[in-house]
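Survey of secondary and tertiary structure
Residues per chain, in single letters:
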Amino acid sequence: MSAEQPTEPDYQAHLPLSQALLLPRIAIEDTRPVLDGGQFAAKATAGQQVEVGCKVFADGHDKLAVRVRWRNERQDVWHSRVLEDQGNDAWLGYFPVPEAGRYRFCIEAWIDPFASFCYELEKKHLAAQPVSLELQEGRTLVQQAGERSEGALREQLLVLHQQLGGLLAAEQVALFLSADSARLMAEADLRPYLSLSPEYPLDVERERAQFASWYELFPRSITDDPARHGTFDDVHSRLSMIHDMGFDVLYFPPIHPIGRRHRKGRNNALVAAPDDPGSPYAIGSEEGGHEAIHPQLGSREDFRRLVAAAADHGLEIALDFAIQCSQDHPWLTEHPGWFNWRPDGTIKYAENPPKKYQDIVNVDFYAADAIPSLWLELRDIVLGWVEEGVTIFRVDNPHTKPLPFWQWLIGDVRSRHPQVIFLAEAFTTPAMMARLGKIGYSQSYTYFTWRNTKNELASYFSELNQSPWRECFRPNFFVNTPDINPGFLHDSGRPGFLIRAALATMGSGLWGMYSGFELCESAPLPGKEEYLDSEKYEIRPRDFKTPGNIIAEIAQLNRIRRQNPALQSHLGLKLYNAWNDRILYFGKRSADGGNFVLVAVSLDPFNPQEAHFELPLWEMGLPDDAVTQGEDLMNGHRWTWYGKVQFMRLEPARPFGIWRISVD
């Protein structure tokens, strides 16, 4: 791209005439998708079309040509596509991103003399005004275009010029306005007053960064005896059921050696019994640290076999990357300069008041001895697990580590392995959560866990679909975690679990659940949103055939997601009218309009709820009395809807409806 082409300068209150004459005549504003003026890369997904919009205008009434230009940063060739005029200076278009990686794009615009000529010619001709002079001007434009062109284009333009000279006025008008003439003149266009926007970055990730279903389990609990530690080999027995439920990511909390000093006991007791396994988040012992595997889980070869077996079941293994250490971690003796020590030789354990984590300590990223050795060590740990076949990482509390560290590490890892995905476990302020997405996190945990009322859910779903969130933040709607036993589930029974599962699976392309949710486990630690007998501190076998489970419903919800492209992202969600404050009603439609799914969820787990509701016929270009077809995606039942206003009744036994709407 030529440096001589004008782009928007920094604003100056008073410009010398010499600089004003160099400013672009055409204004290009409000380009999207853009984050913070291009400081960060907006997110996109490989295999999709990126929607590009902008405002472009200039003085006068000349017609403008507007295009988007883009390239993969690993390639030198720029591509371009025409943007369509949407009216009121708005322009819209799309460009493809076939593979993961970093891209750059910009908007280019120029005054289009031939399009301007054709616009005036058509108006005058339709108004029955004389156009002989305009036709002469048009022939001159074609002649000049031919003279400055070469090869086949030159010959085609000269032929066009000759044809025009032998036609009657009306025939000339028709030929000027033809698509072939527009195409030839566009190829020969001099692009007067060409202006360019700045180049903007785009971070394109593979599909699983946007559409995935996560299942979390503790490998040590895959056992039939709480006195026997589960192993990687035991996990093989669960792969088929997890796959059959429709999950594609199998996530393990840390699998590393667990420290002994200050080990936590059951229910987070400060003193552990001799046989207590401890929290896997207290990483490190004499057997190794973050690069090592807990010996009771198995060998490295056992882990490799599990990764391969999971892949055979369509599952990717995701690992927890928790940058914290037990007081037995080898780093404390090998790299004491990576930590802050107190005057008495002790080290401060981690705290998150009122919680205390006596079994772990934190590194100091900016300690003199930690730069750059600690940063490089952590990067190499991630790369080491990538070499073992792990390309998805759930990162523990990333908001408590420096943002520059994450920006560097994620960029470095993904420059080598673009397929790697990072999920931020960041329950923190909105600004920090958004910033983590901007600097490279593919996905994030969300506030969804605590959004329960219609107003709360509607507001949150809408917010995630608005800028800047839609450009930088992919929400992963985890319904529970080992740390979070949501209050809504404590006493809502099986209907409550179905409600949250429906909201999560339909609300976002990304959702996750921690093992036990499918069994409707909900016993809380009294007065807290935590699990009684938390699996973080003990081995917890389960009977996955327990009566009252919702395994079949989860499997069908995931199946619906896979079969309906409209549901494979949180984007595009629109709220519709259902006249009942206990029913949330929304829809999603695929980009091509061919897949339209409506979702209604009762937020009351105890009572039936009824409502009149509107079918969004206006979005299908249909009148209010149109006839449409409905299909219940949970059971396959079909029916005909007549008109816009309909009626629903949702029972606690199945407190949601998922309907595909179509027109015969």
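From a predicted model like this one, the values you see are computed outputs, not experimental measurements.

Empty space left among the atoms is revealed by rolling a probe the size of a water molecule over them. Under the criterion given, the structure shown has 5 cavities of 30 Å³ or more. As a volume, the largest cavity reaches approximately 110 Å³. For the largest cavity, the full set of lining residues is Phe218, Pro219, Arg220, His229, Pro253, Pro254, Ile255, His256, Ile258, Pro280, His294 and Leu297. Taken together, the residues of the lining of the largest cavity sort by class into 8 nonpolar, 3 polar and 1 charged.

Looking at the element boundaries, arginine 74 is found in the loop between strand 4 (64–72) and strand 5 (79–82). Between the alpha carbons of arginine 74 and arginine 102 there is a distance of 7.9 Å; along the sequence they are 28 residues apart. Apart from the residues within four sequence positions on either side, arginine 74 is in contact with Glu99 and Ala100. Among the polar contacts listed, one links the side chain of arginine 74 to the side chain of glutamate 99, at a separation of 3.0 Å.

Further remarks concern the pattern of salt bridges. Within the structure shown, the criterion is met by 44 salt bridges. Between lysine 124 and glutamate 134 there is a salt bridge, with the nearest N and O atoms lying 2.6 Å from each other. Of this pair, lysine 124 sits in helix 2 (residues 113–126) while glutamate 134 sits in helix 3 (residues 132–148), placing them 10 residues apart in sequence. Taking the relative accessible area as the measure of exposure, lysine 124 reaches 27% and is therefore partly exposed. Between aspartate 396 and arginine 394 there is a salt bridge whose closest N-O contact spans 2.8 Å. Just as aspartate 396 is buried, arginine 394 falls in that class too. If you follow the salt bridges from partner to partner, you end up with Asp203, Glu205, Arg414 and Arg474 in one network.

Attention shifts here to the packing of helix 16 (residues 493–507) against helix 17 (residues 551–563). At a closest axis distance of 10 Å, the pairing of helix 16 and helix 17 adopts a crossing angle of 15 degrees. Considering their axes alone, helix 16 and helix 17 lie roughly parallel with respect to each other. When you trace helix 16 past helix 17, the crossing you get is right-handed. For the pair helix 16 and helix 17, contact is made by Arg494, Leu498, Ala501, Ala502, Thr505 and Met506 and by Glu553, Leu557, Asn558, Ile560 and Arg561, respectively. The residue makeup of the contact of helix 16 with helix 17, split by class, is 6 nonpolar, 2 polar and 3 charged.

Here the focus is helix 4 (residues 151–165). Helical periodicity: at 3.6 residues per turn, an α-helix aligns residues three or four positions apart in one direction. Compared with the 21 Å implied by 1.5 Å per residue over 15 residues, the 22 Å span of helix 4 between its first and last C-alpha is a close match. Buried within helix 4 we find Leu153, Leu157, Leu160 and Leu164. Seen from one end, helix 4 has its buried residues packed into an arc of 55 degrees, which puts them on one side. Residues Ala152, Gln162 and Gly165 are exposed on helix 4 and point more than 90 degrees away from its buried face.

With that settled, consider the UniProt feature "active site" (unreviewed entry) in the protein. Mapped onto this structure's residue numbering, the UniProt feature "active site" (unreviewed entry) falls at Asp396 and Glu425. In terms of the greatest pairwise C-alpha distance, the residues named above, spread along 30 residues, form a tight cluster of at most 5.3 Å across. Summarising the element assignment, aspartate 396 is placed in strand 16 (residues 392–396). What makes aspartate 396 buried here is its relative accessible area of 7%. For glutamate 425, the location among the structural elements is in strand 17 (residues 421–425). Excluding its chain neighbours within four sequence positions, the residues that come into contact with glutamate 425 are Arg394, Val395, Asp396, Asn397, Pro398, His399 and Tyr445.

Orientation of helix 10 (residues 373–387) relative to helix 11 (residues 403–416), taken along the N-to-C sense of each, is 40 degrees, at an axis distance of 10 Å. With respect to their mutual orientation, helix 10 and helix 11 come out oblique. Helix-helix and strand crossings are classified by hand; for helix 10 and helix 11 the assignment is right-handed. Of the residues in helix 11, those touching helix 10 at Trp375, Leu376, Leu378, Arg379, Val382 and Leu383 are Pro404, Phe405, Trp408, Leu409, Asp412, Val413 and Arg416. Residue composition of the contact of helix 10 with helix 11, by class: 10 nonpolar, no polar and 3 charged.

With that settled, consider the sheet that holds strand 25 (residues 627–632). Across the sheet, which stays open at both edges, the 6 strands sit in the order 21-22-23-28-25-26 with antiparallel pairing between neighbours. At either end of the open sheet lies a strand with only one pairing partner, and these are strand 21 (574–575) and strand 26 (638–642). Relative to strand 28 (residues 656–662), strand 23 (residues 596–602) runs antiparallel, the two sharing 5 bridges. When the bridges of strand 28 are listed, leucine 598 appears paired with tryptophan 659.

The subject of this paragraph is the UniProt feature "site: Transition state stabilizer" (unreviewed entry) in the protein. Here, the residues flagged by UniProt with the feature "site: Transition state stabilizer" (unreviewed entry) are Asp483. Of note, aspartate 483 is situated in the loop between strand 19 (476–478) and helix 15 (487–490). Sequence-distant contacts of aspartate 483, that is, excluding residues within four places in its chain, are made with Glu529, Glu530 and Lys536.

The tally for this structure, following the rule as stated, stands at 41 aromatic pairs. Seen from their ring centres, phenylalanine 461 and phenylalanine 477 are 5.7 Å apart, and the 15 degrees between their planes marks the pair as stacked. Of this pair, phenylalanine 461 sits in helix 13 (residues 454–464) while phenylalanine 477 sits in strand 19, placing them 16 residues apart in sequence. Classification of phenylalanine 461 as buried rests on a relative accessible area of 2%. Judged by its relative accessible area of 0%, phenylalanine 477 falls in the buried class. Both rings, one in phenylalanine 497 and one in phenylalanine 517, keep their centres 4.9 Å apart while their planes meet at 55 degrees; by these two values the pair is tilted. Of this pair, phenylalanine 497 sits in helix 16 while phenylalanine 517 sits in the loop between strand 20 (510–514) and helix 17; the two residues are 20 residues apart in sequence, bridging distant segments of the chain.

Conventions we followed
- Residues numbered from 1 in each chain as written.
- Predicted model: local features only at pLDDT ≥ 70, side-chain atom pairs only at ≥ 80, totals over all residues.
- Heavy atoms only, no water.
- 1 Å grid on protein atoms, 1.4 Å probe; cavity = no way out; pocket = protein on both sides within 12 Å on 5 of 7 lines; lining within 4 Å.
- Points joined across faces, edges and corners; volume = space filled by probe spheres on them.
- Nonpolar A, V, L, I, M, F, W, Y, C, P; charged D, E, K, R; others polar.
- Helix = DSSP H or I, 4+ residues; strand = E, 2+ residues; numbered from the N terminus.
- Contact = heavy atoms within 4.5 Å.
- Polar contact = N/O pair within 3.5 Å; in protein donor to acceptor, adjacent residues only side chain to side chain.
- Salt bridge = Lys/Arg side-chain N within 4 Å of Asp/Glu carboxyl O.
- Buried < 20%, exposed > 50% of the residue type's maximum accessible area, 1.4 Å probe, protein only.
- Axes fitted to C-alpha atoms, helices over the stretch in contact; angles between N-to-C directions.
- Parallel < 35°, antiparallel > 145°, perpendicular 65-115°, else oblique.
- Left-handed = near helix turned anticlockwise from the far one by under 90°.
- Expected span 1.5 Å × (residues − 1).
- Arc of directions from axis to C-beta.
- UniProt positions renumbered as here; feature names shortened; annotations may be inferred.
- Pairing = 2+ DSSP bridges.
- Phe/Tyr/Trp six-rings, centres within 6.5 Å; stacked < 30°, edge-to-face > 60°.

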